[in-house]
Amino acid sequence: MVKKDFRNKKNILYTGFGDKGTTTLFRCDQGRISKSASIIEALGSTDELNAYLGIVKVYSEIEQLKVIFGNKKILYSDIINDIQQVLFIIQAELAGSNIKVGKNNTKKLEKIIYSIGEVLPPITSFTISGGSLLSAHLDYARTLARNCERKIVGVSEEGIRKISPQTVAYLNRLSSVLFALSRHVNFVLSIKEEHPDYNKK
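Residues numbered from 1 in each chain as written. Predicted model: local features only at pLDDT ≥ 70, side-chain atom pairs only at ≥ 80, totals over all residues. Heavy atoms only, no water.

S.K.: Help me understand the packing of helix α2 (residues 76-95) against helix α4 (residues 133-157), please; the structure alone is not making it clear to me.
M.R.: Helices that pack against each other are described as a pair by the angle of their axes relative to one another and the distance between those axes. Direction vectors running N to C along α2 and α4 enclose 20°, while the axes themselves pass 13 Å from each other. Between α2 and α4, the crossing angle belongs to the class labelled roughly parallel. You can see that α2 and α4 cross each other, and the crossing is left-handed. Contacts from Tyr 76, Ile 80, Ile 90 and Leu 94 in α2 reach Leu 134, Leu 138, Ile 152 and Val 155 in α4. Across the contact of α2 with α4, the residue classes tally to 8 nonpolar, no polar and no charged. (Axes fitted to C-alpha atoms, helices over the stretch in contact; angles between N-to-C directions. Helix = DSSP H or I, 4+ residues; strand = E, 2+ residues; numbered from the N terminus. Parallel < 35°, antiparallel > 145°, perpendicular 65-115°, else oblique. Left-handed = near helix turned anticlockwise from the far one by under 90°. Contact = heavy atoms within 4.5 Å. Nonpolar A, V, L, I, M, F, W, Y, C, P; charged D, E, K, R; others polar.)

S.K.: Whenever I open this one, the packing of aromatic side chains confuses me. Can you help?
M.R.: The geometry of an aromatic ring pair is captured by the separation of the ring centres together with the interplanar angle, meaning the angle of the planes. This model, assessed by the stated rule, comprises 1 aromatic pair. Ring geometry for Tyr 52 versus Tyr 140: centroids 5.0 Å apart, planes at 70°, classification edge-to-face. With Tyr 52 in helix α1 (residues 38-63) and Tyr 140 in helix α4, the pair connects residues that are 88 residues apart, well separated along the chain. A residue is classified by how much of its surface remains accessible, and Tyr 52, at 16% relative accessible area, is buried. (Phe/Tyr/Trp six-rings, centres within 6.5 Å; stacked < 30°, edge-to-face > 60°. Buried < 20%, exposed > 50% of the residue type's maximum accessible area, 1.4 Å probe, protein only.)

Dropping the structure here:
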């Protein structure tokens, strides 16, 4: 029986070329590289964050929560979707594309953080994740964003790929905006924040 090679089919969901633990990038002078390489780890962490934000977006669509933004209100789901779009730009940059994150992307996050900060009580201590389902999901997404940031900074420091300062700044703001949103959810839902009790034994 002749074994067919389906890799040239346009609708196939796999190629089989990575069966030996290697992969390729959009722009890489080394040809095929190990799937355990730090740049692949960085791409994977970005992909993981983006996928998890899809879950966050669905939950936020159910809640229909909004952030007051000057004279208008912006849905959480629209904020999350915008972040997902930018993460694809970051993945493209990691892979070797010339497209970059723009300053306006970072400024958008800063405006959201500022708007939320105007209505939230000041932070006096660390907060324990939870309170509401959406808040907990946003807080977990924050940790994924921090992990993504660490791995991308590592790739840049190792000289594997030159990452634009604006991308690094965006990633730093990203974890902040996710934290702000996680606090904002519980505030809007009148759920009291819980703080660590360092005296518990």
